[in-house]
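# Architecture and fold: a report
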Amino acid sequence: MDPFRERPEEKQGMQLVLEESSAEKADTRKKYNRIAARVGHTLLSLLVLSGICFNPNSSIYRAVSTGTHTIELYYFPVLIITTFVFYYIASLMNPGYVPISSGEESTEEDTATLIKSDHAYFCRWCDQSQPLRSKHCRDCDRCVRRFDHHCPWLGNCVGERNHRMFLFFLISEDVLIFKCIAMVWQTSRSSSVVVEWVQYNGILVICGIVLFIGGLAVTALACCHLYLILHGLTTWEHVSHSRITYLKRWPEDSTPFNFGYCKNCFMFCCYCNTQNWEKYIKSLT
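Let me sum up the structure you'll find in this document. These numbers were taken from a predicted model, which means no experiment stands behind them.

Throughout the structure, instances matching the rule amount to seven aromatic pairs. Geometrically, the ring pair formed by Tyr-87 and Tyr-88 is edge-to-face, given 5.0 Å between the ring centres and 85° between the ring planes. For Tyr-87, a relative accessible area of 0% corresponds to the buried category. A centroid spacing of 6.5 Å and a plane angle of 80° characterise the contact between Phe-147 and Trp-236, whose relative ring orientation is edge-to-face. On the criterion of sequence distance, the pair formed by Phe-147 in the loop between β4 (142–144) and β5 (149–151) and Trp-236 in helix α7 (residues 235–239) is long-range, its members being 89 residues apart. Judged on exposure class, the residue Phe-147 and its partner Trp-236 are both buried. In textbook terms, an aromatic cluster arises when at least three aromatic residues are bridged by ring pairs, as seen for Tyr-87, Tyr-88 and Phe-169. Above the plane of the ring of Trp-277 lies Arg-133, whose end atom (NZ or CZ) is 4.5 Å from the centre.

Summed over the entire model, instances satisfying the criterion amount to two cavities of 30 Å³ or more. Its volume calculated, the largest cavity comes out at about 220 Å³. The wall of the largest cavity is formed by 16 residues, among which Arg-146, Asn-264, Met-267, Phe-268 and Trp-277 lie closest to the centre. For the lining of the largest cavity, the secondary-structure elements that each account for two or more residues are α6 (194–230) and α8 (261–270). Here the element with the most residues in the lining of the largest cavity is α8; it accounts for three residues. The class makeup of the residues in the lining of the largest cavity is nine nonpolar, three polar and four charged.

Right, let's talk about α8 for a bit. Regarding α8, the residues found buried are Asn-264, Met-267 and Phe-268. Buried residues of α8, seen end-on, are gathered within an arc of 95° and therefore sit on one face of the element.

Summarising the element assignment, Ser-190 is placed in the loop between α5 (163–187) and α6. Taking the C-alpha atoms as reference points, Ser-190 and Tyr-200, 10 residues apart in sequence, are found 8.5 Å from one another.

Applying the stated criterion to the full structure yields two salt bridges. For Glu-72, the salt bridge goes to Lys-179, with nearest N and O atoms at 2.5 Å. Note that Glu-72 is positioned in helix α3 (residues 71–92) and Lys-179 in helix α5, a separation of 107 residues in sequence. One salt bridge connects Glu-237 with Arg-133, and the closest N-O pair in it is separated by 2.7 Å. Placement of the pair is Glu-237 in helix α7 and Arg-133 in the loop between β2 (128–130) and β3 (135–137), with a sequence separation of 104 residues. In this pair, the class of Glu-237 matches that of Arg-133, namely buried.

Cut-offs and rules
Residues numbered from 1 in each chain as written. Predicted model: local features only at pLDDT ≥ 70, side-chain atom pairs only at ≥ 80, totals over all residues. Heavy atoms only, no water. Phe/Tyr/Trp six-rings, centres within 6.5 Å; stacked < 30°, edge-to-face > 60°. Buried < 20%, exposed > 50% of the residue type's maximum accessible area, 1.4 Å probe, protein only. Helix = DSSP H or I, 4+ residues; strand = E, 2+ residues; numbered from the N terminus. Lys NZ or Arg CZ within 6 Å of the ring centre and 35° of its normal. 1 Å grid on protein atoms, 1.4 Å probe; cavity = no way out; pocket = protein on both sides within 12 Å on 5 of 7 lines; lining within 4 Å. Points joined across faces, edges and corners; volume = space filled by probe spheres on them. Nonpolar A, V, L, I, M, F, W, Y, C, P; charged D, E, K, R; others polar. Arc of directions from axis to C-beta. Salt bridge = Lys/Arg side-chain N within 4 Å of Asp/Glu carboxyl O.

Here it is, written out as structure tokens:
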């Protein structure tokens with residue numbers, strides 16, 4: 001027997017160490033990506049707001065410099081703070097992670113929805129059954145209740161617990177963007193000389209382009225989510241309808257969780273606890 005030959009046990013041990021090391025590196029990379037997304041959003045927002053508000057021709061700047069008390073001077077900061085609050089709540093809160101069977105504490109609602117049924121799906125990554133409407137997110141490496149999508153801009157999943165906060169963020173962000181676009185339009189100065197026009201409006205033009213692109217994206221996303229909420233769907237269910245076991249026998253854009261526009265909105269906005277969606281399937285069978 002060759003004493004220098006690597007034993008199977010040692011080789012297997014080395015492979016485990018390498019796998020653990022690569023998993024730790026991946027987790028660290030994901031963590032820094034989430035932090036970078038939040039910092040990037042905050043800095044971009046503050047830069048655009050500063051470019052508008054610190055312009056001497058802006059109504060905010062004139063009101064502050066002259067000591068004039070205008071309605072805009074009060075509601076505009078409130079709108080900014082509200083948007084940031086909704087963003088960070090949606091970004092930092094638990095989106096509805098399914099508790100891991102080994103060691104993680106679970107609530108009564110968690111236990112109630114971790115049941116075996118014909119519609120249950122076993123997650124091979126978490127090594128446990130998923131509640132109905134849950135999906136494993138590879139970015140978060142967790143199963144998420146009523147999974148909608150993973151938002152790289154939030155650095156977090158959008159799920160059952162933070163979906164409403166995500167929608168409130170989109171709406172407040174949309175209002176803020178269009179208000180800023182109006183301020184850019186009002187603040188800009190006309191000039192027949194191109195060089196002077198660029199000097200006066202160069203920063204405003206850059207801010208306006210960023211706001212216009214962001215406004216289109218946020219408005220489209222908000223409208224899409226409002227449509228899905230009214231119809232009792234999530235983004236994942238809408239996109240992967242034909243591949244989801246419990247939706248295969250339902251027509252496209254239809255779901256057993258559609259209870260009408262009013263009730264769908266009420267459940268989305270007012271139901272704070274995680275739901276046992278299994279009971280709605282059973283009531284229809």
